[in-house]
Amino acid sequence: MSVRPQVLIVGGAGQVGLELQRSFREFGEVTAVDREGVDLAVPDQVRELVRNVKPSVILNAAAYTAVDRAESETALAMAINCQAPRILAEEAERLGALLVHYSTDYIFDGSKLGPWTETDEPNPLNSYGASKLAGEQAIGQVGGKYLIFRTSWVYGPHGSNFLLTMLRLARQRDQISVVDDQNGSPTTSIELADATHRIVRGVMAGQFGATEDWAGLYHMTCSGSTTWCGFAQRIFARAGKLLDGKIPTVKPISSADYPTPAKRPHNSVLSNEKLQDRFAVQLQHWENALDTVIEELSQASLSR
Ligand SMILES: NC(=O)c1ccc[n+]([C@@H]2O[C@H](COP(=O)([O-])OP(=O)(O)OC[C@H]3O[C@@H](n4cnc5c(N)ncnc54)[C@H](OP(=O)(O)O)[C@@H]3O)[C@@H](O)[C@H]2O)c1
């Protein structure tokens, strides 16, 4: 009888964490912890958690993700996005476990015209991006069996995200102004979790060779790209039933018209070529992935 791997999901109540719980249910014995199970700002709690669970796979979906608030809570963002991942990497190495971690398109400054590759130079414009970049580097320094997936514009059926915000605003307003000069790839928590599952299953089965053949940093986003305004327009083109036909007008505005504490890159589209070459994994086009989430929300509202 084969032994099912122990899987520890940190940040289990977040957007990606919830979908990882679904994706990995059949794969192993899953322990998912949220903030009540571990405070990532307290290093001893992080160490103790891993030593208690003794996982062979750690999936870190937790992060300090409040991009604007991170400008005034820099130390806390750094503790959660850099120091905690470093400890997870150290503890994973002690156990010989695989650590999967997520990072962000916001480590780039947006100045490139085409999609960013893993070898492009990071230059974060904001504290959140800086803390996530420091986290990537900390894990890389520890080394061992790790995968870092840089992703972008994450949303899904649960949590706090752009899609759910647009749906809420549509019920309150006839017109919504949305930034139209930032380009990126909206990526669903569902696609991220399912792709992570396929890759982890392959890695654990030895399908991708020795650690040095696969460990490292990869971009992982839905394919295609748009602006936040284009994303909003597509949401409203598809969400008619969910909104009982109350579709607002979307007004394109520039970033300058919508000042925020944290600066954001104008182009953060990521190339997924390395992910496809190494693991033969490709996430859906963002428009199709959006349809899946809207369908799930529609089913949920029907069953209410
Ligand atoms: N969201 C995006 O647009 C985006 C874009 C690019 C990359 N990413 C990356 O993708 C990953 C998953 O993001 P997500 O969108 O799923 O994030 P999320 O929904 O904000 O979930 C993050 C989780 O981390 C938990 N957390 C925060 N501080 C904690 C602490 N001190 N101790 C324990 N848990 C803590 C949060 O708990 P609480 O709910 O209790 O705060 C939350 O459950 C992250 O690495 C993020 O940086 C996200």
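Residues numbered from 1 in each chain as written. Predicted model: local features only at pLDDT ≥ 70, side-chain atom pairs only at ≥ 80, totals over all residues. Heavy atoms only, no water.

This part covers the pattern of salt bridges. What the rule picks out here adds up to 14 salt bridges. Note that Arg-69 is salt-bridged to Glu-73, the shortest N-O span being 3.9 Å. The exposure class of Glu-73 is partly exposed, given its relative accessible area of 28%. The salt bridge involving Lys-112 is made with Asp-120; its shortest N-O contact spans 2.6 Å. A relative accessible area of 19% means that Asp-120 is categorised as buried. If you follow the salt bridges from partner to partner, you end up with Asp-44, Arg-47, Arg-51, Glu-91 and Arg-94 in one network. (Salt bridge = Lys/Arg side-chain N within 4 Å of Asp/Glu carboxyl O. Buried < 20%, exposed > 50% of the residue type's maximum accessible area, 1.4 Å probe, protein only.)

So, on to helix 10 (residues 286-302). Between the first and last C-alpha of helix 10 there are 24 Å, a value that for 17 residues agrees with the 24 Å anticipated at 1.5 Å per step. For helix 10, every residue scored as buried is listed here: Trp-286, Ala-289, Leu-290, Val-293, Ile-294, Leu-297 and Ser-298. (Helix = DSSP H or I, 4+ residues; strand = E, 2+ residues; numbered from the N terminus. Expected span 1.5 Å × (residues − 1).)

Attention now moves to the nonpolar core. Of all hydrophobic cores here, the largest spans 87 residues; its most connected members are Leu-147, Ile-235 and Phe-279. Those residues in contact with Leu-147 that sit more than four places away from it in its chain are Leu-98, Leu-99, Val-100, His-101, Ile-199, Val-203, Trp-214, Gly-216, Tyr-218 and Phe-279. By size, the runner-up hydrophobic cluster in this structure holds five residues, among which are Ile-107, Phe-108, Trp-116 and Leu-133. (Core = buried A, V, L, I, M, F, W, Y, C linked by side-chain atoms within 4.5 Å. Contact = heavy atoms within 4.5 Å.)

The next subject is the packing of aromatic side chains. Each aromatic ring pair is specified by the distance between its two centres and by the angle formed by the two planes. The full count for this structure, using the stated rule, is 13 aromatic pairs. Through pairs of rings, three or more aromatic residues link up here, namely Trp-153, Tyr-155, Phe-162, Trp-228, Phe-231 and Trp-286. For Lys-274, the ring lying beneath its charged end belongs to Tyr-218, and the centroid distance is 4.5 Å. (Phe/Tyr/Trp six-rings, centres within 6.5 Å; stacked < 30°, edge-to-face > 60°. Lys NZ or Arg CZ within 6 Å of the ring centre and 35° of its normal.)

Around the ligand, the surrounding shell holds 23 residues, and the nearest of these are Val-16, Arg-35, Thr-65, Tyr-128 and Lys-132. Contact between the ligand and Val-16: an oxygen atom at 2.9 Å from a main-chain N or O atom of the residue. In the model, an oxygen atom of the ligand is placed 2.9 Å from a nitrogen or oxygen of the Val-154 main chain. When the free accessible area of the ligand is taken as 900 Å², the share hidden by the protein chains comes to 82%. Looking at the shell around the ligand, the elements with two or more residues in it are helix 1 (15-23), strand 4 (98-104) and helix 4 (127-142). Among the elements that take part in the shell around the ligand, strand 4 stands out by supplying three residues, more than any other. (Near = heavy atom within 4 Å. Polar contact = N/O pair within 3.5 Å; in protein donor to acceptor, adjacent residues only side chain to side chain. Areas by Shrake-Rupley, 256 points an atom, 1.4 Å probe, with all protein chains shown as cover.)

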